[in-house]
Amino acid sequence: NKTYLTQGLKNLIEKILSRLSKGNGDPVIQLQTPFGGGKTHALISLYHIVKNREKLNHLEFVSKLPEPKNAKIVVFVGTQADPIKGKTPWGEIAWQLGVYEKVKEHDEKRRSPGKEVLNKVLGDYPVLILMDEIVEYAVKAKDFSEQIMAFFQELTEAVRSKENCCLVCTLPSSAPYGEEGERALSQIQRIFGRIEKVYTPVEGVEIYEIIRKRLFEDIKDEKTKKEVAQGYFDLYQKLGTDVPLEVKDVEYRERIEHSYPFHPEIIDVLYEQWGSFSAFQRTRGVLRFLAEVVADLYKRRIPSPLIHSSLVNLDNNAIKSELIKHIGNEYNSVIAADISGKNAKATKVDKNMGSEYVKYGIASGIATSIFLYSFSGGEMKRVTLPKIRVALLREGIPYTIVGDTMNKLEEELLYLHSEKKQYVFHTQPNLNRLIIDKEGTISEERIQEELKKHLQKLAGKSLEVYLWPEDPSDIPDNKNLKLIFLPPKFSYDSNNAKELASDIYEKAGSGFRVYKNAIFILTIDDANWTNLLKSLKRFMAIAEIQNDKEIFDTLTNESQEELKKRSKEAGKEIPFKILTAYRHLAFLEKQGLAWKDLGLPTIGTSDDISERVKQCLKDQEKILSHLTPKYIIEKTFSTNENEKELRGIYELFLKTPGMPLLEDENVLISAIKDGVKKGIIGVKEDNEIYFKQDVIPRMDSIILREELAKEKKEEDDSLKVPKDEKMETQAGVIESEGRAIKKLTFRAKIPWDRVSDIVKGVIKPLKDKGSSPKIAIEIEAECIEGFDRITLDSKVKETLHQIGASIEDWQEE
């Protein structure tokens with residue numbers, strides 16, 4: 001009940017019986033047989049139809065066939081015959097025909113008997129000779145292989161010369177046993193090819209019927225078959241050009257019905273590709289393989305209308321071993337790394353796809369199908385995306401997910417190779433593997449050097465930037481707003497980051513820091529540092545492969561282009577990853593050190609980190625770009641204070657923890673100017689009071705409360721001499737003292753502790769009488785121990801820079 005009588009087999013039986021009984025038909029026949037029992041069933045059927053005809057006449061097909069009288073049958077199986085102790089093919093034929101004495105000497109001496117002797121052996125009665133696995137026998141009997149080839153030559157001629165004799169042999173589609181097998185197959189094919197007729201007992205959809213018949217009880221539910229076939233047919237119509245043209249034909253719907261419960265594609269790939277492995281075909285590997293697949297699916301209770309190649313479980317050792325033994329143990333590593341198992345990359349892709357799709361194993365299914373389509377007995381094969389869709393898509397799986405999943409597999413898998421959207425698995429690593437191997441050679445120290453280069457580009461100039469200080473003395477104590485990047489080892493979650501930040505705020509070299517409010521510190525987030533580390537390592541690995549001509553030149557053109565694309569993508573994502581990692585910002589509040597998480601950068605965020613920090617501080621009103629006069633009085637004057645130097649006010653913002661910072665001096669000057677004009681505050685410069693009038697205050701100006709400014713202004717106005725009288729007095733003084741001095745230039749040595757007196761008593765009077773004097777200073781200082789660089793650069797030069805001085809000469813000894 002497991003036999004399916006195909007039309008091809010019926011034709012073969014009819015032709016051979018006609019030859020044996022009437023002398024019609026072909027004398028020598030070669031069987032080309034696919035897997036699934038085609039060859040064995042054909043030979044067995046021929047044997048019984050001749051040997052046991054009377055037991056088969058009840059079959060309608062058999063009863064109508066011609067019946068050769070007194071026909072004899074001879075069987076020779078090359079895998080069973082012993083080339084050393086056993087009989088030769090000619091000895092075995094003569095033995096089975098009862099005339100061994102005619103060839104006994106030839107058999108014992110391993111010499112072909114010749115055509116004349118063979119004609120006597122075959123006699124005058126009908127004879128059917130069935131020969132199987134003769135190539136394997138020829139390889140084993142290498143000591144007299146030339147005699148075997150001579151025998152086949154003579155046998156085919158002898159059979160052809162007899163009208164009631166027929167020789168049926170099977171030859172493999174590819175040569176077993178290496179070079180000797182190839183040589184034997186080639187010789188036998190050349191001998192038989194002169195007169196043989198090739199028959200295929202199984203053709204077209206019959207192969208599907210055979211497979212089902214061998215593995216399942218008779219499936220009589222024709223309604224379900226047709227419904228399933230129609231469902232797939234409708235799906236393929238919707239997919240248009242996303243699937244191969246052939247699956248949209250009505251004929252393919254019929255193929256689905258014939259192959260049910262298998263999808264035709266899984267049988268096709270086994271038949272057309274894996275079937276070309278001689279060992280796979282010879283040992284009925286396919287039937288055994290499909291039996292294991294069916295048992296595994298039943299055990300795992302996998303729901304699917306049909307059995308696809310994508311449902312093959314390569315994590316099952318029984319299934320896997322049926323494939324591995326034909327392609328090599330090295331593919332065990334490929335399967336474990338990429339396709340199936342808890343650590344396989346395709347499995348991990350599935351886990352990240354969302355709970356609704358995990359049960360379908362879409363990524364693993366795609367990878368499995370590509371693997372099965374990658375092999376044949378000849379060369380490696382590539383499979384297209386449309387075919388992959390046919391191998392995967394079934395009820396519940398959206399077709400749109402295939403392309404996205406394929407992209408993820410291309411990015412993640414190590415042995416999957418893609419070229420022009422055609423896919424194949426190799427043991428040779430792909431671009432991903434090359435990159436991963438290269439990443440393994442890159443140390444964390446080198447990665448940090450690369451990060452520093454990127455930070456130098458991204459830090460910006462909105463704030464004064466200091467990269468990776470190791471000690472508070474690396475940061476000058478000045479009035480500039482400063483952004484400090486701590487090195488990765490001082491991550492946010494580490495205690496040493498808090499300690500270093502606290503030290504920076506408290507210390508400036510050997511002394512205490514004065515302008516502590518002007519400092520902001522950025523440190524890295526531990527979790528995001530890991531992601532940044534990976535991105536930097538990937539970027540550097542790709543760059544090294546591109547620069548390594550020896551490796552780069554071995555890549556295909558498509559892989560080279562892919563590498564360039566990945567390099568560009570990796571470079572693009574690094575700024576975002578850096579902004580995401582450097583997100584914890586430290587600053588001083590009244591109660592001490594405070595931290596703010598800047599969060600993830602949003603779309604459109606500038607890559608300029610200091611600008612990002614500055615904007616965030618502005619949004620939090622930690623940095624002010626506008627100030628009201630009233631705010632100045634409320635925040636910087638104590639209750640009993642009525643006047644204060646403008647410089648002192650400005651420095652108060654810089655020195656006092658918790659106070660907001662001013663974007664620059666102009667913010668304060670503009671507020672003062674506006675307050676004076678509106679009469680909210682007053683300004684005292686030298687002996688002049690400004691109140692409710694225009695003024696451009698200087699940093700040494702004195703700011704007065706409104707009441708005091710108003711009072712002082714009124715006093716000054718009442719004491720002022722009328723303008724004409726003042727002019728006359730001044731003129732008289734000039735006249736009485738002689739000629740008027742138009743220009744004054746002098747140079748004097750001044751005690752260091754009387755410099756402030758020079759400003760009050762010399763510079764201000766000269767300014768009051770004329771335009772602002774030009775001042776140049778010459779300082780000569782000595783130190784027995786020597787001046788340190790911090791004093792010279794961070795204090796002396798920095799102060800000159802802050803007050804706008806230009807250094808015309810600087811000499812060090």
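For the structure itself, consult the block above.
Nothing here was measured: the structure is a model prediction, and the numbers come from that model.

### Some thoughts on the overall build of the chain
Reasoning step 1: Secondary structure summary: the chain contains 36 helices and 21 strands in total.
Reasoning step 2: Along the first, second and third principal axes, the C-alpha set of the chain runs to 165 × 65 × 45 Å.
Reasoning step 3: Relative to its 813 residues, the chain shows a buried fraction of 45%.
Reasoning step 4: Taking contacts inside the chain between residues at least 6 apart in sequence as the whole, the part at least 24 apart equals 67%.

### Regarding the sheet that holds strand E8 (residues 422-425)
Reasoning step 1: With antiparallel pairing, the 3 strands of this open sheet are ordered in space as E6-E8-E7. Looking at the sheet topology across the chains shown, the edges are occupied by strand E6 (383-384) and strand E7 (416-419).
Reasoning step 2: Two strands pair when backbone bridges link them, and E7 and E8 are joined in this way by 4 bridges, in the antiparallel orientation. Note on E8: the bridge partner recorded for His-417 is Val-424.
Reasoning step 3: Packing of helix H20 (residues 362-373) onto the sheet brings it into contact with E6, E7 and E8, and relative to E8 it is tilted by some 80 degrees.

### Examining the side chain of Arg-389
Reasoning step 1: Residue placement: Arg-389 occurs in helix H21 (residues 385-392).
Reasoning step 2: No salt bridge is formed by the buried Arg-389, whose closest oppositely charged neighbour, Asp-242, lies at an N-O distance of 4.1 Å.
Reasoning step 3: At 2.9 Å, the side chain of Arg-389 and the backbone oxygen of Asp-242 are in polar contact.
Reasoning step 4: Setting aside anything within four residues of it in sequence, one finds Arg-389 in contact with Asp-242, Val-243, Tyr-399 and Val-402.

### A look at the sheet that holds strand E17 (residues 643-645)
Reasoning step 1: Strand order in this open sheet of 4 strands is E17-E21-E19-E20, and the pairing throughout is antiparallel. Two strands bound the open sheet, and with one partner strand each, they are E17 and strand E20 (688-690). Geometrically, the sheet is characterised by an average inter-axis angle of 25 degrees between neighbouring strands, direction not taken into account.
Reasoning step 2: The strands that helix H32 (residues 665-678) touches are strand E19 (681-685), E20 and strand E21 (702-705); relative to E19, the one it contacts most, it runs at about 110 degrees.

### As for unusual backbone geometry
A negative phi angle characterises most non-glycine residues, just as the trans form characterises most peptide bonds.
Reasoning step 1: Each neighbour pair has its own omega, and for Tyr-260 with Pro-261 the value is 10 degrees, a cis peptide bond.
Reasoning step 2: Within the element layout of this structure, Pro-261 appears in the loop between helix H12 (250-259) and helix H13 (264-272).
Reasoning step 3: The backbone of Lys-420 sits at a positive phi, close to 55 degrees, despite the residue not being glycine.
Reasoning step 4: With a phi close to 55 degrees, Lys-692 is a non-glycine residue in the positive phi region.
Reasoning step 5: Note that Lys-692 resides in the loop between E20 and E21.

### What to know about the packing of helix H24 (residues 444-458) against helix H28 (residues 557-581)
Reasoning step 1: Running from N to C, H24 and H28 cross one another at 85 degrees; their axes reach a closest spacing of 11 Å. As the angle between them shows, H24 and H28 are arranged roughly perpendicular. Contacts between H24 and H28 involve Leu-451, His-454, Leu-455 and Leu-458 on the former and, on the latter, Ile-574, Pro-575 and Ile-578.
Reasoning step 2: Taken together, the residues of the contact of H24 with H28 break down into 6 nonpolar, 1 polar and no charged.

### What about the packing of helix H30 (residues 629-636) against helix H31 (residues 646-655)?
Reasoning step 1: Relative to each other, H30 and H31 sit at 70 degrees, their axes nearing to 11 Å. Judged by the angle between their axes, H30 and H31 are roughly perpendicular. Two packed elements cross with a definite hand, and for H30 against H31 that hand is left-handed. Mapping the contact onto sequence places Tyr-631, Ile-632, Lys-635 and Thr-636 in H30 and Ile-649, Leu-652 and Phe-653 in H31.
Reasoning step 2: Its residues placed into classes, the contact of H30 with H31 shows 5 nonpolar, 1 polar and 1 charged.

### Considerations on the environment of Lys-534
Reasoning step 1: Checked against the element boundaries, Lys-534 lands in helix H26 (residues 526-547).
Reasoning step 2: With relative accessibility at 55%, the residue Lys-534 sits in the exposed group.
Reasoning step 3: As a C-alpha pair, Lys-534 and Lys-51 span 483 residues in sequence and 74 Å in three-dimensional space.

### As for the pairing of strand E3 (residues 127-132)
Reasoning step 1: Among the 6 residues in E3, 6 count as buried, and that is most of the element.
Reasoning step 2: Taking every second residue as pointing to the same face, both faces of E3 are buried, with Val-127, Ile-129 and Met-131 on one and Leu-128, Leu-130 and Asp-132 on the other.
Reasoning step 3: For strand E2 (residues 72-77) and E3, the ladder comprises 6 bridges, and the chain directions are parallel. Within E3, the position partnered with Lys-72 by the bridge is Val-127.
Reasoning step 4: Bridge analysis of E3 against strand E4 (residues 165-170) gives 5 bridges, and the strand direction is parallel. Along E4, the bridge assignment pairs Leu-128 with Cys-166.

### Describing H26
Reasoning step 1: Under the 1.5 Å per step criterion, the end-to-end length of H26 is 31 Å for 22 residues, consistent within 8% with the ideal 32 Å.
Reasoning step 2: What H26 keeps buried is the set Asn-528, Trp-529, Leu-532, Leu-533, Ser-535, Leu-536, Phe-539, Met-540, Ala-541, Ile-542 and Ile-545.
Reasoning step 3: Packed against the buried residues of H26 are helix H23 (431-439), H24, strand E13 (519-524), helix H27 (549-552), H28 and strand E14 (582-589).
Reasoning step 4: Between the side-chain oxygen of the N-cap and the backbone nitrogen of Ala-527 there are 3.3 Å, and the N-cap of H26 in question is Asp-525.

### Quick word on the pattern of salt bridges
Reasoning step 1: For the structure on display, the rule yields 30 salt bridges.
Reasoning step 2: Residues Glu-544 and Arg-446 are paired through a salt bridge, measuring 2.3 Å at the closest nitrogen-oxygen approach. Placement of the pair is Glu-544 in helix H26 and Arg-446 in helix H24, with a sequence separation of 98 residues.
Reasoning step 3: The class for Glu-544 is partly exposed, based on a relative accessible area of 23%.
Reasoning step 4: Here Arg-446 falls in the partly exposed class, since its relative accessible area comes to 32%.

What counts as what
The residue count restarts for each chain, going from 1 along the sequence in the order it is written. This being a predicted model, a pLDDT of at least 70 is required before a residue's local features are given, and a value of 80 or more before pairs of side-chain atoms are given or counted; all residues contribute to the totals for chains, interfaces and linings. In computing side-chain values, all of the structure's heavy atoms are included and hydrogens and water are not. Think of it this way: any DSSP run of H or I at least four residues long counts as a helix, any run of E at least two long counts as a strand, and we number them from the N terminus. Residue exposure (1.4 Å probe, protein chains only): buried if accessible area is under 20% of the type maximum, exposed if over 50%, otherwise partly exposed. Contacts: residue pairs with any heavy atoms within 4.5 Å of one another. By this definition, two strands are paired if DSSP reports at least two bridges between them. Axis lines are fitted to C-alpha atoms, over the contacting stretch for helices. Their N-to-C directions set the angle, which ranges from 0 to 180 degrees. Here the positive residues are Lys and Arg and the negative ones are Asp and Glu; neither His nor the chain ends is included. Whenever Lys or Arg places a side-chain nitrogen within 4 Å of a carboxyl oxygen from Asp or Glu, that contact is recorded as a salt bridge. Counted as a polar contact is a pair of N or O atoms within 3.5 Å, where, for protein atoms, one must be capable of donating a hydrogen and the other of accepting one, and residues adjacent in sequence contribute only when both atoms are in side chains. Angular relationships are summarised with four words: roughly parallel below 35 degrees, roughly antiparallel beyond 145, roughly perpendicular across 65 to 115, and oblique for the angles in between. Residues were grouped as follows: Ala, Val, Leu, Ile, Met, Phe, Trp, Tyr, Cys and Pro as nonpolar; Asp, Glu, Lys and Arg as charged; and all remaining residues, including Gly, as polar. The hand of a helix crossing depends on one turn: near helix anticlockwise from the far one by less than a right angle means left-handed, and clockwise means right-handed. Under the convention used throughout, the expected extent of a helix is 1.5 Å for every residue step, that is, one less than its residue count.

Everything listed here is a matter of coordinates, which is why it stays silent on function.
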